[in-house]
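# Working through the structure, step by step
What follows is the residue order along each chain.
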Amino acid sequence: MTAQVSTIADTRSESSPRSAPRVLLYAVLILFAIYYLLPLFIMVVNSVKPLSEIQGGNMLSLPAQWTLEPWQKAWNEAQIGVQATGLQPYFLNSILMVVPAVAISTILGALNGYVLTKYRFPGHKIVFGLMLFACFIPFQIVLIPTARILGTLGIAGTIYGLILVHVVYGLGFTTLYFRNYYEAFPTELVRAAQVDGASFFKIFYRILLPSSGPIIVVTVIWQFTNVWNDFLFGASFSGPNAMPITVALNNLVNSSTGVKEYNVHFAGALLAALPTLIVYIVAGRFFVRGLMSGAVKG
Amino acid sequence: MAFLEINRLEKSYGAMSVLKGINLAMEEGGFLVLVGPSGCGKSTLLNTIAGLESISSGEIKIAGRRVNDRRPSERDIAMVFQSYALYPNMTVAQNIAFGLEMRKVPKPERDKAVAEVAETLQIGHLLNRKPSQLSGGQRQRVAMGRALVRKPKLFLFDEPLSNLDAKLRVDMRTEIKRLHNSLGTTIVYVTHDQIEAMTLATKIAVLKDGHLQQFGTPAEIYNDPVNTFVADFMGSPPMNLVPGELVMSGKAYAVAIERDGTAPVVLPIANDRTVVSPAGQKVVLGIRPEAITDVDGADRNAKNVIRVSCRTEVVEPAGSDTFVVTRLGGKDVVARMRSDAAVKLHSTTDFAYNMDRAVLFDPASGNRVA
Ligand SMILES: Nc1ncnc2c1ncn2[C@@H]1O[C@H](COP(=O)(O)OP(=O)(O)O)[C@@H](O)[C@H]1O
Ligand SMILES: [Mg+2]
């Protein structure tokens, strides 16, 4: 009580008693930061060490001898499939899968959100309800039916198959994001554009899309992370030539022949995680902003 | 021939009927105001004219052409929305030109049209701004510019002034009236403000709960309301509605009204009126405040002026006039006196009732009986 009174009476004083809880707050935050950064730290330092140092038991220390050889090995020498190609071709597979999958599911989600809010039809609530429901179906349940469908379509074991699966599975989420965002978008703008003579798609890309930046960022990050990190669909539906990097990494780490090259494994894991990290670092601040903003200022 | 024709129009959302058999006809160059309390279906009616809402049955004709199944862009209309609905990502110039762009008008022509409209509305200096950088009044002008630039056959306004402050609203009202006079365009205008309706309209349609109550010129609506709803809704202060009884006074009809303390007042009905109720019937007398004046201020041309003395309950000087409240038939009755009339509070004063301007309603249905 007295402390508080003195703060109010003497706010310009530099040795404010408020700084005590501040210090505590920072201490806790720093502790959490260390807690979360420690695994990353271990991965990074061990990926630039020769294997002998790790086998010597010095997991936590900085490398005595710095080397990029494990990274290079993980990238293009390690034995994963039949040939010793490293992670490189699988990284490319993941890119070829994730870019179209994210683009298509985001565009379709935006169109769904547009129709479900601005071109309402009888039963639109049921359609939306069913799409929402799709978000909660566990992956495992749909594995066998999906395999059948991919087989019927003749795209089993291909990257196209994986793209299709990820688009369909992501659609529930992307639709949810865009529908909620467009729900707050003023309908009078759409009506004004209709009177002005703009077509369905013109209204979409001239009026709605330019105001959709934040939600596009949210959706792209969400989809990119999920599709890139997916293991189950990748392991179930990819043939030897369509394997995404998550599955390849698993094969690298679990290969039973020879010595375990931990430094190469760490480097490989870092390589696999790099794209999502970059996406977060580049677009992360828009992510939070997008989650917070609903309405369009006009 | 009517320019805008609406025949037996019905609109329902599922089981809920919102517009119930609307019939309207409007000549070219007219200014039609749809007025009524909030939720009565004004916007819905306007949106069906625009083609933004489908209709359940009936017919809409613009310039002799049935447009029921036409899209908004094919109806040759432009619309100004309550929220202005300016495209937030475009500049003012792009906003105004958007309709022309969608209609594939070449860029040089578009620029010329935008410049002309900007000149008319004095928004030339705003053309490169975004809507978020404009004040409410400026946004309003841009929204009108977007409608004007296409030179459509029909303009639709949905409560365009309701988001402006009082002073600006009056200014913009005058401006809209001036634009209508100078451009000679046909306008359908929605408002819940009866003063806006009276000042702007050449024809007024009064709506309530999806029913068209009355359709006529502002003078008809004001002087000759078809029912107590219209009488009460239009005019400020509204028409006095006083319960009484229809009696015979000699050979003519009259209304007898209870008065506190003394004998009932008997007010004769002008004998050129057709009265559709028999004597002895309960009625409601409708009389505008300006038809009840101080004795010297009575209309000299009126044939039927009755002097009634009543006790004054409230005296409200309003500058140009003084409103005086008395009690008659258990209701407050507002009289509109000249500001220099000598009226004392709580004293018995003589009032002149101009019965030429009085109307009678049925108390149960609210409809006119004389
Ligand atoms: N899309 C809709 N679905 C269901 N009811 C609606 C819809 N739009 C309007 N209504 C109803 O129709 C009635 C008239 O609405 P509206 O035309 O907006 O009234 P006003 O403009 O006169 O205030 C209201 O009762 C409103 O609730
Ligand atoms: Mg409305």
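The structure contained in this document is the topic of the report that follows. Just so it is clear, the model here is predicted, and its values are computed rather than measured.

## Quick notes on the site of ligand 1
Residues and elements named next belong to chain B. Tyr13, Met16, Val18, Ser38, Gly39, Cys40, Gly41, Lys42, Ser43 and Thr44 make up every residue found near ligand 1. Within the side chain of serine 43, a nitrogen or oxygen atom sits 2.6 Å from an oxygen atom of ligand 1. Starting from 560 Å² of accessible surface for ligand 1 in isolation, the protein chains cover 58%. Those elements that provide at least two residues to the shell around ligand 1 are β2 (16-26) and α1 (42-50). Looking at side-chain class alone, the shell around ligand 1 contains four nonpolar, five polar and one charged residues.

## Examining the packing of aromatic side chains
Scanning all chains against the criterion turns up 23 aromatic pairs over all chains. Measuring from centroid to centroid gives 4.8 Å for tyrosine 114 of chain A and phenylalanine 200 of chain A, while their planes differ by 40 degrees, and the two rings are tilted. With tyrosine 114 of chain A in helix α5 (residues 88-118) and phenylalanine 200 of chain A in helix α10 (residues 200-208), this pair connects stretches of sequence that are 86 residues apart. Looking at tyrosine 114 of chain A, the relative accessible area reads 0%, which means it is buried. Among the aromatic residues, ring-to-ring pairing joins Tyr114, Tyr119, Phe200, Phe201 and Phe204 of chain A into one connected group. Here the basic side chain of arginine 179 of chain A rests over the ring of phenylalanine 128 of chain A, its NZ or CZ set 4.2 Å away from the ring centre. Here lysine 11 of chain B stacks its cationic end above the ring of tyrosine 13 of chain B, 4.8 Å away from the centre of that ring.

## Examining the nonpolar core
Grouped together as the largest cluster of nonpolar side chains are 93 residues, with contacts concentrated most on Ile207 of chain A together with Leu4 of chain B. Looking at this core, the element that brings in the most residues is helix α8 (residues 159-183) of chain A, giving 10 residues. Contact partners of leucine 4 of chain B, with chain neighbours within four places excluded, come to Leu24, Ala25, Met26, Leu32, Ile49, Ile60, Lys61, Ile62, Leu154 and Val188 of chain B. Listed in part, the 46 residues of the second largest apolar core include Ala118, Leu200, Ile204 and Phe233 of chain B.

The rules behind these values
- Residues numbered from 1 in each chain as written.
- Chains lettered and ligands numbered in written order.
- Predicted model: local features only at pLDDT ≥ 70, side-chain atom pairs only at ≥ 80, totals over all residues.
- Heavy atoms only, no water.
- Near = heavy atom within 4 Å.
- Polar contact = N/O pair within 3.5 Å; in protein donor to acceptor, adjacent residues only side chain to side chain.
- Areas by Shrake-Rupley, 256 points an atom, 1.4 Å probe, with all protein chains shown as cover.
- Helix = DSSP H or I, 4+ residues; strand = E, 2+ residues; numbered from the N terminus.
- Nonpolar A, V, L, I, M, F, W, Y, C, P; charged D, E, K, R; others polar.
- Phe/Tyr/Trp six-rings, centres within 6.5 Å; stacked < 30°, edge-to-face > 60°.
- Buried < 20%, exposed > 50% of the residue type's maximum accessible area, 1.4 Å probe, protein only.
- Lys NZ or Arg CZ within 6 Å of the ring centre and 35° of its normal.
- Core = buried A, V, L, I, M, F, W, Y, C linked by side-chain atoms within 4.5 Å.
- Contact = heavy atoms within 4.5 Å.

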